[in-house]
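As a plain string of letters, each chain reads:
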Amino acid sequence: MWRQLSATLWRRTPRQVRRWGVWLVEPRFTVTAGACVLDAQGRVLLLKHAFRSGSGWGIPGGFIEKGEQPEAALRRELREEVGLELASARLAFVRTLKRPQQIEIMFCCRASGEARPQSGEIERAEWFGTDALPAELSPDQRRLIARALQTSATPPV
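It should be emphasised that the depicted structure is a prediction, and the values quoted were computed from it without experimental measurement.

Novice: Which parts of the structure should I look at to understand helix α4 (residues 139-151)?
Specialist: Residues spaced three or four apart along an α-helix face the same direction, because each turn holds 3.6 residues. Compared with the 18 Å implied by 1.5 Å per residue over 13 residues, the 18 Å span of α4 between its first and last C-alpha is a close match. Elements that come into contact with the buried residues of α4 comprise β1 (30-38), β2 (44-49), β3 (57-58), β5 (85-97) and β6 (102-112).

Novice: Just to check I follow, could you spell out the nonpolar core for this structure?
Specialist: Generally speaking, a soluble globular protein has its nonpolar side chains buried in company with each other. Grouped together as the largest cluster of nonpolar side chains are 20 residues, with contacts concentrated most on V37, L45, L74, L78, V82 and L84. Broken down by secondary-structure element, the contributors of at least two residues to this core are β1, β2, α3 (70-82), β6 and β7 (122-128). Not counting the four nearest positions on each side in its chain, V82 is found in contact with L47, E77, E114, A115, R116, P117, Q118, I122 and A125. Ranked by size, the runner-up nonpolar core spans 16 residues in total, among them L46, L133, L137 and L144.

Novice: Just to check I follow, could you spell out the pattern of salt bridges for this structure?
Specialist: A side chain of one charge can pair with a side chain of the opposite charge if their charged atoms are brought near each other. Applying the stated criterion across every chain yields a total of eleven salt bridges. A salt bridge links R43 to D39; its shortest N-O distance comes to 2.6 Å. We classify R43 as partly exposed; its relative accessible area is 32%. Of the residues examined, D39 reaches a relative accessible area of 7% and is grouped as buried. Of the charged contacts, one joins E77 and R76 as a salt bridge, the two residues approaching to 3.1 Å between their closest N and O atoms. With relative accessibility at 12%, the residue R76 sits in the buried group. Shared partners join several salt bridges into a network, and the residues in it are E65, E68, R76, E77 and E80.

Novice: So what exactly am I meant to see when it comes to the confidence of the model for the protein chain here?
Specialist: Chain-level pLDDT for the protein chain is 88 on average; 95% of the residues reach the 70-or-more range. Between the elements of the protein chain, mean pLDDT differs from a low of 75, seen in helix α2 (residues 15-25), to a high of 96, seen in α3.

The rules behind the values
The residue numbering used here restarts from 1 in each chain and proceeds along that chain's sequence as written. Whole-chain, interface and lining totals are the exception, using all residues; otherwise, since this is a predicted model, local features are given only for residues with pLDDT of at least 70 and side-chain atom pairs are given and counted only at 80 or more. In computing side-chain values, all of the structure's heavy atoms are included and hydrogens and water are not. Secondary structure elements follow DSSP: runs of H or I no shorter than four residues count as helices, runs of E no shorter than two count as strands, and numbering proceeds from the N terminus. Expected span of a helix: the number of residues minus one, times 1.5 Å. Note on definitions: a residue-residue contact is assigned when non-hydrogen atoms from the two residues lie within 4.5 Å. Nonpolar cores are built from buried Ala, Val, Leu, Ile, Met, Phe, Trp, Tyr and Cys residues. Side-chain atoms within 4.5 Å join them into one set. Classification of residues uses two cut-offs on accessible area relative to the type maximum, computed with a 1.4 Å probe and protein chains only: under 20% is buried, over 50% is exposed, and between them is partly exposed. Here a salt bridge means any side-chain nitrogen of Lys or Arg lying within 4 Å of a carboxyl oxygen belonging to Asp or Glu. The predictor's confidence in any single residue is recorded as pLDDT, a number from 0 to 100.

Next up, the structure:
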């Protein structure tokens, strides 16, 4: 009875009021695109971010702008941060974080060209063998790399 009454009232409520209601009660997330970028030797690109807490080392990526597609955002971030173009990109996985409320869209990619810091956000850009990642790389970043490589059993060519 109560459910039926609620549904009827909801359907009769003006559309804009329903949108505001949903906006007030549903969670909101920031959305980012990141990547495990590989070179021709199978090494992984890591960036030393000036503003990242901890060691600063991590995979490349950034926030997706309004109306932007995830792969386009990733390509833009790589161009802006390290002047790198991608030869190919494949969706690896998507994960949701509770804190911060964030959705991460992860890709496995092949690079085309060299990576050199282009912005004040990035201190260094280096290629590492998967068995020679920096000791100070966080466990979460290690898991992201391993999962991206495992999910994309055959990295894009």
